[in-house]
Amino acid sequence: MQYSKDLVLRSQEIVKQVKEAEKLNKPIDKLVKEQIAIIECQKDEFIKRADKLGLDELGKARVEIQLYSNLKFWAKKIGLPVDKYDKLIKDVQIRILGEENV
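Notes on the structure follow. (Residues numbered from 1 in each chain as written. Predicted model: local features only at pLDDT ≥ 70, side-chain atom pairs only at ≥ 80, totals over all residues. Heavy atoms only, no water.)

The next point concerns the packing of aromatic side chains. Centre-to-centre distance and the angle between the planes together describe a pair of aromatic rings. This structure, assessed with the given rule, holds one aromatic pair. Ring geometry for Phe 73 against Trp 74: centres 5.3 Å apart, planes inclined by 85°, an arrangement best described as edge-to-face. In this structure Trp 74 comes out as buried when scored by relative accessible area, which is 8%. (Phe/Tyr/Trp six-rings, centres within 6.5 Å; stacked < 30°, edge-to-face > 60°. Buried < 20%, exposed > 50% of the residue type's maximum accessible area, 1.4 Å probe, protein only.)

What follows is the structure, given as structure tokens:
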């Protein structure tokens, strides 16, 4: 999956569809997994662009942590493991703050 404006729009549509499905007590697993894939793609693209643009490490870390938090939120929604996202968030915090401060 490649990052594009279409993916952003699809992500927004998924949010609406999940809300509606939850109201109607319908399954959301497929939608949530698609959302996770979109956010993963956005994360990868962000990291590439941030490096090219020379974004400072603190700014880059803030966005990375937000993206990992979003991934964790969606994974929790359908009972997927979130340990990997907790580890990724902690890794970013250590990278920025140092291990002794996390």
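The next point concerns the environment of Lys 77. Along the chain, Lys 77 turns up in helix α3 (residues 57-77). You can call Lys 77 partly exposed: its relative accessible area is 29%. For the pair Lys 77 and Val 32, spaced 45 residues apart in sequence, the C-alpha to C-alpha distance is 7.7 Å. Once residues within four sequence positions are removed from consideration, Lys 77 is found in contact with Val 18, Glu 22, Ile 28 and Val 32. Within polar-contact distance, the side chain of Lys 77 engages the side chain of Glu 22 at 2.7 Å. (Helix = DSSP H or I, 4+ residues; strand = E, 2+ residues; numbered from the N terminus. Contact = heavy atoms within 4.5 Å. Polar contact = N/O pair within 3.5 Å; in protein donor to acceptor, adjacent residues only side chain to side chain.)

Okay, the nonpolar core next. Note on soluble globular proteins: their nonpolar side chains tend to be buried together. Val 18, Ile 28, Val 32, Ile 36, Leu 71, Trp 74 and Tyr 85 are the most contacted members of the largest nonpolar core, which totals 24 residues. Those elements giving two or more residues to this core turn out to be α1 (5-23), α2 (29-53), α3 and α4 (83-97). With eight residues, the top contributor of residues to this core is α2. Setting aside chain neighbours within four positions, we find Leu 71 in contact with Ile 36, Ile 39, Glu 40 and Tyr 85. (Core = buried A, V, L, I, M, F, W, Y, C linked by side-chain atoms within 4.5 Å.)

Now for the packing of α3 against α4. The axes of two packed helices give the description: the angle between them and the distance between them. Contact geometry for α3 and α4: axes closest at 9 Å, N-to-C directions at 170°. Regarding the angle of α3 to α4, the classification is roughly antiparallel. By crossing handedness, the relation of α3 to α4 is classed as left-handed. Residues Glu 57, Leu 58, Lys 60, Ala 61, Glu 64, Ile 65, Tyr 68, Ser 69, Leu 71, Lys 72 and Ala 75 of α3 pack against Tyr 85, Asp 86, Leu 88, Ile 89, Val 92, Gln 93, Arg 95 and Ile 96 of α4. For the contact of α3 with α4, the class distribution of residues is 11 nonpolar, two polar and six charged. (Axes fitted to C-alpha atoms, helices over the stretch in contact; angles between N-to-C directions. Parallel < 35°, antiparallel > 145°, perpendicular 65-115°, else oblique. Left-handed = near helix turned anticlockwise from the far one by under 90°. Nonpolar A, V, L, I, M, F, W, Y, C, P; charged D, E, K, R; others polar.)

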